[in-house]
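The primary structure of each chain is shown beneath.
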Amino acid sequence: MPEETTTSLIDPEAPGIPLRGIAIGALSAFLLNVFDVYATLIVMGSYMTLNFSTPAALFFFFFVILISGVVAAIRKPLALNKAELVTIYIMLMVACCVPSMGFIPVMLPQLVGPTYYATFENQWANLYNKHVPHWIAPADEETARYFFERLPPGVPFPWRAWVLPLTYWYGFFMVLSLAMTCAMILLRKQWVERERLAYPLVQVPLDLIRHEESGFIGRSFFSNRLMWLGFAFSFILLSVNGIHFYFPEFPKITKATSISFFEGSIKISFWFSPSWIGFFYFVGLDISASIWFFYLLSLVQQGVFTSLALRSTERLDLFASEAYTAHQGMGSMIVFVLITLWLARSHLADVFRKAFPGDSSVDDSDEVLSYRQAVIGLIAGMGLLGLALRAAGLPFLGVAMLLFSAFVIFISLTGVVAKGGIPAMRPPLMSSSFVISGAGTGVLGPQGLTALGLTYGWHSEIRSFVMASVANGLKMCEIIEGSKRRLFGAIMLAVLASLIGSTLMLFHLAYTHGGANLNPLFFGRKVGYGPIDMVRRMMEAPTGPRLDAYLFMAIGGTVMGLLVWARNCFPWWPFSPLGYMISANWKTGHIFISALAAWFIKLLVLKYGGASVYRKSRMLFMGLILGEVVGAGVWLCIDFITGHTGSFLTQI
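Residues numbered from 1 in each chain as written. Predicted model: local features only at pLDDT ≥ 70, side-chain atom pairs only at ≥ 80, totals over all residues. Heavy atoms only, no water.

A. A look at the environment of Ile638. Positionally, Ile638 belongs in helix H27 (residues 610–642). Placed 396 residues apart in sequence, Ile638 and Gly242 show a C-alpha to C-alpha distance of 9.6 Å. (Helix = DSSP H or I, 4+ residues; strand = E, 2+ residues; numbered from the N terminus.)

B. Up close: the nonpolar core. Formed by 224 residues in total, the largest nonpolar core has its most connected members in Phe147, Trp169, Phe410 and Trp458. Element by element, the count of residues in this core is highest for helix H7 (residues 159–194), at 20 residues. (Core = buried A, V, L, I, M, F, W, Y, C linked by side-chain atoms within 4.5 Å. Buried < 20%, exposed > 50% of the residue type's maximum accessible area, 1.4 Å probe, protein only.)

C. Summary view of the layout of surface pockets. Volume-wise, the largest pocket comes out at about 570 Å³. Taken together, 24 residues form the lining of the largest pocket, with Leu31, Phe35, Phe59, Phe60 and Cys637 sitting closest to its centre. For the lining of the largest pocket, the class distribution of residues is 21 nonpolar, 2 polar and 1 charged. (1 Å grid on protein atoms, 1.4 Å probe; cavity = no way out; pocket = protein on both sides within 12 Å on 5 of 7 lines; lining within 4 Å. Points joined across faces, edges and corners; volume = space filled by probe spheres on them. Nonpolar A, V, L, I, M, F, W, Y, C, P; charged D, E, K, R; others polar.)

D. Just the packing of aromatic side chains, in detail. Within the structure shown, the criterion is met by 53 aromatic pairs. Here Phe294 and Phe575 contribute two aromatic rings whose centre-to-centre distance is 5.8 Å and whose plane-to-plane angle is 70°, an arrangement assigned as edge-to-face. One end of the pair, Phe294, is in helix H12 (residues 285–307); the other, Phe575, is in the loop between helix H24 (547–569) and helix H25 (577–581), with 281 residues separating them in the sequence. The class of Phe294 is buried, set by a relative accessible area of 6%. Residues Phe507 and Tyr511 carry aromatic rings whose centres are separated by 6.0 Å and whose planes lie at 55° to one another, so their mutual orientation is tilted. A residue pair is termed a helical-turn pair when its members lie 3 or 4 positions apart in one helix, as Phe507 and Tyr511 do in helix H21 (residues 486–513) at 4 residues. Across this residue pair, the class does not change: Phe507 and Tyr511 are buried. Ring-pair connections join several aromatic residues into one group, and the members of that group are Tyr116, Tyr117, Phe147, Phe148, Phe157, Trp159, Trp162, Phe507, Tyr511 and Phe523. The cationic tip of Arg345 hangs over the ring face of Trp342; the distance from NZ or CZ to the ring centre is 3.9 Å. (Phe/Tyr/Trp six-rings, centres within 6.5 Å; stacked < 30°, edge-to-face > 60°. Lys NZ or Arg CZ within 6 Å of the ring centre and 35° of its normal.)

E. Main features of the pattern of salt bridges. According to the stated counting rule, one finds 13 salt bridges in the structure shown. For the salt bridge of Glu367 with Arg188, the shortest nitrogen-to-oxygen distance reads 2.8 Å. Of this pair, Glu367 sits in the loop between helix H14 (345–355) and helix H15 (371–391) while Arg188 sits in helix H7, placing them 179 residues apart in sequence. According to the relative accessible area criterion, Glu367 is buried, its value standing at 1%. Look at Arg188 and you get buried, because its relative accessible area is 6%. Glu478 serves as the salt-bridge partner of Lys475, at 2.8 Å between the closest nitrogen and oxygen. We classify Glu478 as partly exposed; its relative accessible area is 43%. (Salt bridge = Lys/Arg side-chain N within 4 Å of Asp/Glu carboxyl O.)

F. Main features of the packing of helix H2 (residues 55–74) against helix H8 (residues 203–210). Two elements in contact, H2 and H8, have axes whose closest approach is 11 Å; the angle formed by their N-to-C orientations is 10°. The angle between H2 and H8 places the two elements in the roughly parallel class. Between H2 and H8, the contacting residues are Leu58, Phe61 and Ile65 on the first element and Val204, Pro205, Leu208 and Ile209 on the second. Its residues assigned to classes, the contact of H2 with H8 comprises 7 nonpolar, no polar and no charged. (Axes fitted to C-alpha atoms, helices over the stretch in contact; angles between N-to-C directions. Parallel < 35°, antiparallel > 145°, perpendicular 65-115°, else oblique. Contact = heavy atoms within 4.5 Å.)

G. Summary view of empty space enclosed by the protein. Counted by the stated rule, this structure contains 6 cavities of 30 Å³ or more. Looking at the largest cavity, the residues that line it are Cys97, Gly102, Phe173, Leu176, Ser177, Met180, Phe410, Trp458, Ile462, Ser464, Phe465 and Val466. Residue contributions to the lining of the largest cavity peak at 4 residues, all from H7. Residues of the lining of the largest cavity, tallied by class, amount to 9 nonpolar, 3 polar and no charged. Approximately 50 Å³ is the volume found for the second largest cavity. Lining the second largest cavity are Ser53, Pro55, Leu58, Tyr89, Leu201, Val204, Pro205, Phe279, Ile625, Val629 and Ile652. Of all the elements in the fold, those that place two or more residues in the lining of the second largest cavity are H2, H8 and H27.

H. Local environment of the side chain of Thr49. Tracing the backbone through its elements, the reader meets Thr49 in the loop between helix H1 (19–43) and H2. Polar side-chain contacts of Thr49 include one of 2.8 Å to the side chain of Asp36. Sequence-distant contacts of Thr49, defined by excluding residues within four places in its chain, comprise Leu32, Asp36, Ala56, Cys96, Pro99, Ser100 and Ser464. (Polar contact = N/O pair within 3.5 Å; in protein donor to acceptor, adjacent residues only side chain to side chain.)

I. Summary view of the confidence of the model for the protein. Averaged over every residue, the pLDDT of the protein is 93; the share at 70 or more is 96%. Here strand S1 (residues 256–261) is the element of the protein with the lowest mean pLDDT, 82, and H15 is the one with the highest, 98. In the model, residues 1–7 has pLDDT below 50 throughout and makes 18 contacts with residues more than four positions away in sequence or in other chains. (pLDDT = per-residue confidence, 0-100.)

J. Representation of the state of the cysteines in the model. Per the stated rule, a full pass over the model turns up 0 disulfides. No disulfide involves Cys182; its sulfur sits 14 Å from the nearest other cysteine sulfur, which is in Cys477. Of the residues examined, Cys182 reaches a relative accessible area of 0% and is grouped as buried. Left without a disulfide partner, Cys637 is nearest to the cysteine sulfur of Cys96, which lies 14 Å away. (Disulfide = S-S within 2.5 Å.)

K. Inspection of helix H6 (residues 141–149) at higher detail. Listing the buried residues of H6 in full gives Thr143, Ala144, Tyr146, Phe147 and Phe148. Measuring from the side-chain oxygen of the N-cap residue of H6 to the backbone nitrogen of Glu142 gives 3.3 Å; that N-cap residue is Asp140. Remark: Arg150 follows H6 within two positions and exhibits a positive phi of approximately 80°.

L. How the structure looks around unusual backbone geometry. Phi is positive for Thr54, close to 40°, though the residue is something other than glycine. Here Thr54 shows up in the loop between H1 and H2. Judged by relative accessible area, Thr54 falls into the buried class, the value being 2%. The backbone of Arg150 shows a phi angle near 80°, a positive value even though the residue is not glycine. For Arg150, the position within the fold is in the loop between H6 and H7.

M. Expanded view of the environment of Gly284. Locating Gly284 in the fold gives a position in the loop between helix H11 (274–281) and H12. Judged by its relative accessible area of 29%, Gly284 falls in the partly exposed class. When the C-alpha atoms of Gly284 and Ile253 are compared, they prove to be 30 Å apart, with 31 residues separating the residues in sequence.

N. Structural detail: a nonpolar patch on the surface. On the surface, a nonpolar cluster with roughly 350 Å² of combined accessible area is contributed by Trp159, Leu496, Ile500 and Leu504. Per-element accounting of the nonpolar patch gives the leading share, 3 residues, to H21. If you trace the backbone, Leu496 turns up in helix H21. (Patch = residues over 30% accessible without salt bridge, like charges linked within 9 Å, V, L, I, M, F, W, Y side chains within 5 Å. Areas by Shrake-Rupley, 256 points an atom, 1.4 Å probe, with all protein chains shown as cover.)

Structure representation (structure tokens):
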């Protein structure tokens, strides 16, 4: 993709992104995936790559900063500079999107699980497996059996059975990552420079590296007493329960409880998480208030619906228990994306003028790719994804609806992460459910339903994905002086290194120990997501589009539009529309109390202490985040050394 000549605002003498940072980042991404897959499947302790907060990246980065500081004390020129550190952290964030529930540990068991768990009773072989193309998943029963029961002594690893499936899925995920990255490049200037979104999830690493004028990078951060006070609180709180797992007689701190309403039909959960409170402390009061307010309002709505026996007969997915509220949430996301694009229309017009006529008045020298490259990359990426899904057996309508809904969810959740600092979230419903509700099973047929079942590995558990990590990374790029063009290659290299690291460790564990003996969350019920969901639909009479689904999507979209209108027309309006978009979501029930606590604390600080006290207090809340992250990582290391398993302490 050629680049056009333009007057650049980039200083040609600035260093840009050194190759050393990319090399260290790629190695770190590989090692992160190797260690995390082992920790997830064998140690089964705290999850470090599960959510948008990417705590594993911060844990690795914490020690990279310390090691670089030691090197600086010995010979300063050899220490890592800011550009290298930013590059490494961005690559680590991207690396967190592949292990755990990101891709590989979910996808690979689902490729051979339907073969291994097929029985005469469930009819998977006749109804589902026969429609799976041989180049998408290994069809050999021995390959599946050895995967779950371990490889017998002397039997070679079945690489031949995995070559074509890995080629397909590696290619699919790389193209998906390409499309996500290009989309964020096109929106970067709008979000970072025009709307000035907060990006709360990267405030800690940014503070670690950007304020140092003398001495080693990170010195001022680590010398702050308030930071260490918050760090100690989170670390000790976590360690009390860590000790309890080794010595049960040691007291345990309970950090979660719940209260039921409406005769037990509605339950409010309370999860105490110092790190989540820390993240929400960096967002505006309107956003943190809207999270807890709209969540409680959604519970009232569910309770009223239950009292009136107003309940949908539609069966959605495992994560959307209430179909009506799930469709409302999806409708609000669609409108959110449309409004996002409308607000960015001036910037996007500049993008397309630069991309094709080559308007020299529009400068894109500060971007990771030129606008022409990003536009072509996004279009080509979406086209290749569509061809891959069509080749798997999904009809054209299903392809269009699946990609539309998936990218609506990706962009919506990325916007929520960038503006609202949401550390953990799920979509209101899965993209496959959107397709089935909107098109019906009759249009898809058995082949199309099977193809939908095969997509669960990359869109069903999207609590962390490349688009959100790249968006946070492009915010961090602000402190890099010089050209950032190498960063695109660094991101794609991090994805590839992560795929290889995760795959090698997962294959080693599965074929050595037997997948059935590993974490049941990935090798138990999850391997049947596709066939369990789709076989039941194949056995039923074909259905058409759900009109009630469209009705409640329209309701959700209308409410979202009205909230945006109120926000723009009334300066006194206290709530952000972001809270409504994620309100009907069981994951919001985990984070809402942290948002409420952060809102209340920040309200008091600003009211009685003012902006200066708030600025000083930020370090305390950064310590809360870092202390829990480091504590979780340290206890995972202790569990690895001692061989202890099942010490779940937190999910950050």
